[in-house]
Structure formats: C-alpha cells, structure tokens
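Observations on the model geometry
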Amino acid sequence: MSSPHDDRPRDDDPRDRDGWQEPAHLGEGGPGDGDREQEPARPGPVVSWAPPAPRQRTPGVVEQVFRYQGDTVGAQGWALQHGWEISDGTAPQDAVLAELVATAPVRATKDHRPAGVMRGRAGTLELVAFDVVFTDKRYTVPEWAVTAAPVLLPLPGLRLSPARFWRHRTGGLLHVPSGDEAFDARWVLLAAEDGEAVRRLVGDQTVRGLLMASDDGDEFWTAAGHLAAVRPDGQRPELIEHHARLLGAMVSALAGVS
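Let us look at the structure shown here. Worth saying up front: this structure is predicted, and the values here are computed from it rather than measured.

Some details on the overall build of the protein
The helix and strand inventory of the protein stands at 7 helices and 9 strands. Across the 258 residues of the protein, 38% fall into the buried class. Long-range contacts, defined as pairs at least 24 residues apart, comprise 63% of the intrachain contacts of the protein with a sequence gap of at least 6.

This is the structure:
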C-alpha cells in the first residue's frame, strides 16, 4: 500500500527494478550482506572539554541575611530552642495583634489574620513575631512577617519606610527629615508630631547605620503600644534576628538610651 504522501506511480517504484536493494543503514539489506566481513569502526580520539570553574565570591552580610534560602530550621523550631512560647494567633494575649495587622503599612484586608505567633526575649527586648496570613477555603498563605516590641513608654505615632515604597494611609502625618542627605534619599520618616522622641529616632547614628546597611525591605510603625516591623515574607530565624537588632536600636533611641 502506498503512503498518502507518495504520489509516484507504482510502476516507477525503484524497488521493482532488477538489482535494487534497501540501503543497509535503513533496512536489512539484500542477500549476501551477511557474507561480507564488516570492518570494525575505529573510534577517533576523544576530546573532552569542560568550562573553566567560575570564580567563587563570598556573599556579603546583607546577601546572607536577605537571600531566600527556605526555612531550613523553621521559625517555630528556632523559637522553641530559644525558650519562646508559641500560639496559633487565637490566644487571649493575641487579641492585640489584630490591631497591629489593621494598622500595618501594607494592604491587609479583613481576610488577613495573625498566625504562627512566637513570643520571647531577644537581648533586652520582649518580642512577638508572627505571620500575617491570607486564608480561603483551600489554602493558607503567609504574605507578611511582623516582629513587634511592646513598649511601656508613650510612643509617638510614626511610620518609617524605604523611600522607594509607595505609601498609603498617611493622612495627617508629617515628614521629619534627618538632615542626612544620603539617609533621607533612602528612608522617609512620617510622624504625627515632630517631637523629641521622633528627632532622637531619626538622628540616632546606630539606627541610621543599621538601616543603611539593610536592603530597604522593611517598614516600621507604632500601634497598640508596640513598635513593629513588617516585611513581605514568611517568618524565619534570620529575619527575626534582623528585626530584633533594628527594633532594639529604635526602642533605645526613642527612650533616649544611648
């Protein structure tokens, strides 16, 4: 039977001619092929090539902290190792966290809630760290990581954000520049009033140094008696430690402790 794509007349098929046989590399060949000795093929020299090994570069401190590596230890495992307490976000002491989520400088909705809550001490600070998750009928997704320090002294209303971030819900807040052009080009401090505590915060050398050494990925605000930090990520040990350093320096600056 001829192929649908073969429009040659059957009487022109070369296979009907005397002496024609299928090429050996396509078929079994004609009679007598098995009687011929096949000369073994001799392989040519093997030439191997490998690309030069790339030069290894040791990542800097910022890259080591902020590159995503997965939660290899687990934030809650880290918390338990450090003697922290864990709750699911529904304990009585977790009620204040809903206000932190509602006032956070992110686009949280009524469907976002705190989860994976961890409480413990880092240095001189008491901290609470948790994920802000979005839950629907099928899955739960951590969208932001929040770390907050409860502060006993009166806190001015403020928001400290990277200059590259779009800011919303900032009505009534005043821009408080630091006077450091390099810092003010990267960070914006907004406050309800331009008071001494706010000036201490924006003028503190340690605070400015830590922020300038970061990747400009965190935002800070005050609410419900807490100074808090938020980042679009799930909580992980390195992030808790990073937030703890920044919050510790900021609380000291606000309190006037050098």
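There's plenty left to go through after this.
Notes on the nonpolar core
A general feature of soluble globular proteins is that nonpolar side chains tend to end up buried together. Within the largest apolar cluster, 35 residues are counted, with the highest numbers of intra-cluster contacts made by Trp 84, Leu 189, Leu 201, Leu 211, Phe 220 and Met 250. If you list the elements that add at least two residues to this core, you get helix H2 (75-81), strand S3 (125-135), strand S5 (158-162), strand S7 (187-191), helix H5 (196-203), helix H6 (205-212), strand S9 (226-231) and helix H7 (237-255). Per element, the largest residue contribution to this core is 9 residues, and it comes from H7. Setting aside chain neighbours within four positions, we find Phe 220 in contact with Leu 158, Arg 159, Leu 160, Trp 187, Leu 211, Ala 228, Ala 229, Leu 246, Leu 247 and Met 250. Leu 97, Val 132, Val 146 and Ala 148 belong to the second largest nonpolar core, which has 16 residues in total.

What to know about the pairing of S9
The buried fraction of S9 amounts to 6 of the 6 residues, a majority that puts the element mostly inside the structure. Of the two faces of S9, the one carrying His 226, Ala 228 and Val 230 and the one carrying Leu 227, Ala 229 and Arg 231 are both buried. With 6 bridges connecting them, strand S4 (residues 140-150) and S9 associate as antiparallel partners. Residue pairing across strands places Pro 150 opposite His 226, the latter belonging to S9. Sheet topology places strand S8 (residues 219-223) next to S9; 5 bridges connect them, and they run antiparallel. Residue pairing in the sheet places Ala 223 in a bridge with His 226 of S9. Between S8 and S9, which pair antiparallel in sequence order, lie 2 residues; one of them, Ala 224, sits at a positive phi of approximately 50°.

Points about the pattern of salt bridges
As a working rule, side chains carrying opposite charge can pair if their charged atoms are close by. Inspection of every chain in the model, using the stated rule, returns 10 salt bridges. Glu 126 is the salt-bridge partner of Arg 121, the closest N and O atoms lying 2.8 Å from each other. When its relative accessible area of 38% is taken as the criterion, Glu 126 is described as partly exposed. We note a salt bridge from Asp 233 to Arg 236, for which the minimum N-O separation is 3.0 Å.

Side note on unusual backbone geometry
With a phi angle near 55°, Asp 216 is a residue other than glycine that sits in the positive phi range. Mapped onto the elements of the fold, Asp 216 is located in the loop between H6 and S8.

Considerations on the packing of H5 against H7
Running from amino to carboxyl end, H5 crosses H7 at an angle of 140°, the nearest separation of the two axes being 7 Å. Overall, the two elements H5 and H7 adopt an arrangement that is oblique. For the pair H5 and H7, the sense of crossing is right-handed. Across the interface between the two elements, Ala 197, Arg 200 and Leu 201 of H5 pack against Met 250, Ala 253, Leu 254 and Ala 255 of H7.

Procedures and definitions
- Residues numbered from 1 in each chain as written.
- Predicted model: local features only at pLDDT ≥ 70, side-chain atom pairs only at ≥ 80, totals over all residues.
- Heavy atoms only, no water.
- Helix = DSSP H or I, 4+ residues; strand = E, 2+ residues; numbered from the N terminus.
- Buried < 20%, exposed > 50% of the residue type's maximum accessible area, 1.4 Å probe, protein only.
- Contact = heavy atoms within 4.5 Å.
- Core = buried A, V, L, I, M, F, W, Y, C linked by side-chain atoms within 4.5 Å.
- Pairing = 2+ DSSP bridges.
- Salt bridge = Lys/Arg side-chain N within 4 Å of Asp/Glu carboxyl O.
- Axes fitted to C-alpha atoms, helices over the stretch in contact; angles between N-to-C directions.
- Parallel < 35°, antiparallel > 145°, perpendicular 65-115°, else oblique.
- Left-handed = near helix turned anticlockwise from the far one by under 90°.

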